[in-house]
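Fold and geometry: a report
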Amino acid sequence: MEKIICKKCGKNISEEDFIGNLKVCVHCGFHDMLSAHERIKITADPGSFTELAKDMHSVDFLKFQDLKPYSERIEEAIQKSGINEAVVAGEAAIKGIMASICVMDFNFMGGSMGSVVGEKIKITADNSIEKNLPLLIFCASGGARMQEGIISLMQMAKTVSCIKRLKQEGLAYFCIITHPTTGGVSASFATVADIIITEPGALFCFAGPRVVEQTIKKEVPADFGLAERNLKNGLVDMIVKRHDMRDVLGKLLFMFTNKNLNP
Amino acid sequence: MEVEKIKNLHKSFLKDTLKSVFKIEKLKRITGFSGVHFNDAEKKLAEKIENYRKVEREAIKSWRIVELSRDEKRPHTPDYINGIFDDFISFSGDRQGYDDKSIITGLGILDGSTVAVIGHNKGSGIKERIEYNFGSSMPQGYRKAARIMDIAQRFGFCLVTFIDTPGAYPALEAEDSGQAGAIARSIYEMFSLDVPTITVLIGEGGSGGALALAIGNFIMMLENSTYSVISPEGCASILWRDSSAAKLASRALKLTSRDLLKLGVIDKIIYEPMGGAQNNPGRMIKIVKSYLKNIIKKYSNLKDFDFKTHRAQKYESIGITAGSVQQKL
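Note that the structure is a prediction, hence the values are computed from the model and not measured.

Description of the packing of aromatic side chains
Residues and elements named next belong to chain B. The tally for this structure, following the rule as stated, stands at eight aromatic pairs over all chains. With 4.1 Å between their ring centres and 5° between their planes, F13 and Y52 make a pair best called stacked. With F13 in helix α2 (residues 11–29) and Y52 in helix α3 (residues 35–69), this residue pair connects regions lying 39 residues apart in the sequence. The exposure classification of F13 matches that of Y52, with both residues buried. Measuring from ring centre to ring centre gives 4.8 Å for F305 and F307, while their planes differ by 70°; the resulting arrangement is edge-to-face. Overall, the relative accessible area of 36% leaves F305 in the partly exposed class.

Dropping the structure here:
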């Protein structure tokens, strides 16, 4: 039996217990990262997920090369993560209620947002508008994808514009913050949601702790940008444990789509 | 291999080059190899070095523009405001407990029309620059900007924004009061306006802090200004893991006005007086004023034009992807 060492408390957990506990440490409650498909599996009703724009992939249009060419980094990310881009989009039922859904995957180039992430969010928002469905986005991202230069910055504007259209159609949009969500994603579609839910311990900020420390030349508090501090500061609506997420989303979806309104 | 040819290469290139050099030298020492092989390998090596040198030459050019865009002597937002608008009156505060001086907001008259103005303010002189956070805004700054956007919307004033910021202020108190949300909200508000919005990038267009105020129907960029997803220094330290690669990053990021026009992100380059805006600020301001006058005149003649939808469509069409596009379920 494989042993897993918790990244937070350092204690041993058997792989079976860890997976069985939705990758949450049985000792300290640390919520480890999930891949996009793992997330969909524990959130959506079994067999209800259909994927949108699965084959869409990135293009190295700037011929960007740092220590490695961007095209090579894309290939490696596809191999490593088993998906074509940093977001998996589609629609699914949660507790019997249909919704459009986007799930970001940190394993794919740190969940960074380039043209494909922007376009997939647009397609999913359009799908919501067309079919009158609420939208859920699970975020996990280091921010904009530098290898796409200014075009990645523009995805912030693009996604906000799509969300604005969706909200004007009277559709609900919930954002679920998972560890970590920073930079261009936190400063665009993530923070314009009707309801912002976060997993315990998730980092959610604009500038990361290291950048802030370098700027102010001081150490930041240990809870900088973390879910608990964000809740205290009024930046998120609630902290929901992974085990309870499906239930909470189901209830919210029901209430927001409830047609049985009192006069 | 003459050392001369490679001695100035950046270390990230040097490492790769030396690897090839050593490989060839090692092969040469093994007897039985004919010279033909080395000729081939040496030719490839020479090509590689020439390519690296070309990249470095381009990097020096784009870095020069980064330096110009940050030049303290360039005209800043207050200089443009004073030179362009009559009777400018500035407003203060977010009405929630703070006045962020890194953003100027107010109303002025141009060509007889009232125009709403928002601009980053870097300040001049060290005392002012510190007071204004070097043009880096707190969330409260964007909330202050939202107030004048609302006024523009309700009274039908055209909105002009001047962009000149290294980026939103990365500080603990900025994060605690919702920096990410303030930027997103500002973008959202700019998409909500029915009035025309015109953006002028006058210096540094630093990341989200710049974008928050730069959602324009028409975007003009001064020749030697920059607009980028991240500072070259930040990009170098993340992707190259070496801040000395900032020049290479400035080239790779394609952050100059010419690059951005090619990518379709801006609508117009405003050329600067010889050597840069800092050499003749008065002339620079006059040039910007005449372009602003023209575009505002053009927009005020467009009756029934849907500026809001125009803006949405413009931004929503930005992006380059491959593979399946619109497959329906």
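Quick look at the confidence of the model for chain B
The predicted model of chain B averages 92 in pLDDT, with 95% of residues at 70 or higher. Two numbers describe this predicted complex: its pTM, 0.94, and its ipTM, 0.96.

Focus: the domain arrangement of chain A
Residues and elements named next belong to chain A. Domain assignment breaks chain A into domain 1 (1–32) and domain 2 (33–257). The straight-line distance from the C-alpha centre of domain 1 to that of domain 2 is 24 Å. The interface of domain 1 with domain 2 comprises six residues on the first partner and nine residues on the second. In this assembly, domain 1 packs against domain 2 so that about 770 Å² is buried in total across both faces, 56% of it on carbon and sulfur atoms. Looking at the side of domain 1 facing domain 2, the largest losses of area belong to L22, H31 and D32, adding up to 72% of the total buried there. Here domain 1 is connected to domain 2 by one salt bridge. E38 is the salt-bridge partner of K23, the closest N and O atoms lying 2.9 Å from each other. Our count for the contact surface shared by domain 1 and domain 2 stands at six residue pairs in polar contact (both at pLDDT 80 or more). Classifying every residue of the side of domain 1 that touches domain 2 by side-chain character gives two nonpolar, two polar and two charged.

Here we look at the interface of chain A and chain B
Taken together, the contact between chain A and chain B spans 60 residues of the former and 55 residues of the latter. Here chain A and chain B share an interface that buries about 5,000 Å² over both sides, 70% of which is from carbon and sulfur atoms. Contact with chain B buries area across many residues of chain A, yet M146, I150 and F206 of chain A alone supply 13% of it, more than any other trio. Applying the counting criterion to the chain A and chain B interface returns two salt bridges. A salt bridge links R165 of chain A to E316 of chain B; its shortest N-O distance comes to 2.7 Å. If you look at where chain A meets chain B, you find 13 residue pairs in polar contact (both at pLDDT 80 or more). At the level of secondary structure, the elements contributing two or more residues to the side of chain A that touches chain B comprise β3 (50–52), α4 (115–131), α5 (149–168) and α7 (209–216) of chain A. The greatest single-element share of the side of chain A that touches chain B, amounting to 16 residues, is contributed by α5 of chain A. Of the residues contributing to the side of chain A that touches chain B, the split by class is 31 nonpolar, 14 polar and 15 charged. Pairing between strand β4 (residues 57–58) of chain A and strand β9 (residues 321–322) of chain B: two bridges, direction antiparallel. When the sheet's bridge partners are listed, H57 of chain A is paired in β9 of chain B with A322 of chain B.

Criteria and thresholds
Counting from 1, residues in each chain are numbered in the order their sequence is written. All chains are assigned letters beginning at A, and all ligands numbers beginning at 1, according to the order in which they are written. In keeping with the predicted nature of the model, local features appear solely for residues at pLDDT of at least 70, side-chain atom pairs appear and are counted solely at 80 or more, and the whole-chain, interface and lining totals rest on all residues. To get the side-chain values, all heavy atoms of the structure are used, and hydrogens and water are removed first. Ring pairs shown here join Phe, Tyr and Trp side chains whose ring centres sit within 6.5 Å, with only the six-membered ring taken for Trp; geometry is labelled stacked below 30 degrees between planes, edge-to-face above 60, and tilted in between. Helical segments are the DSSP runs of H or I of at least four residues, strand segments are the runs of E of at least two, and each set is numbered from the N terminus. For each residue, the accessible area found with a 1.4 Å probe, counting protein chains only, is set against the maximum for its type, and the residue is called buried under 20%, exposed over 50%, and partly exposed in between. Per-residue confidence from the prediction method is given by pLDDT, with values spanning 0 to 100. Annotation comment: domain bounds sourced from an automatic or database domain assignment. Two residues qualify as a contact provided that any one of their heavy atoms is within 4.5 Å of a heavy atom in the partner residue. Note on terms: buried area is the combined drop in 1.4 Å-probe accessible area of two parts once they are placed together, counting the loss on both. For salt bridges, the criterion is a side-chain nitrogen of Lys or Arg within 4 Å of an Asp or Glu carboxyl oxygen. Here a polar contact means two N or O atoms within 3.5 Å. Within protein one must be a hydrogen donor candidate and the other an acceptor candidate, and residues neighboring in sequence count only if both atoms are side-chain atoms. Three classes are used: nonpolar for Ala, Val, Leu, Ile, Met, Phe, Trp, Tyr, Cys and Pro, charged for Asp, Glu, Lys and Arg, and polar for all others, with Gly counted as polar. In this analysis, strands are considered paired if DSSP registers two or more bridges between them.

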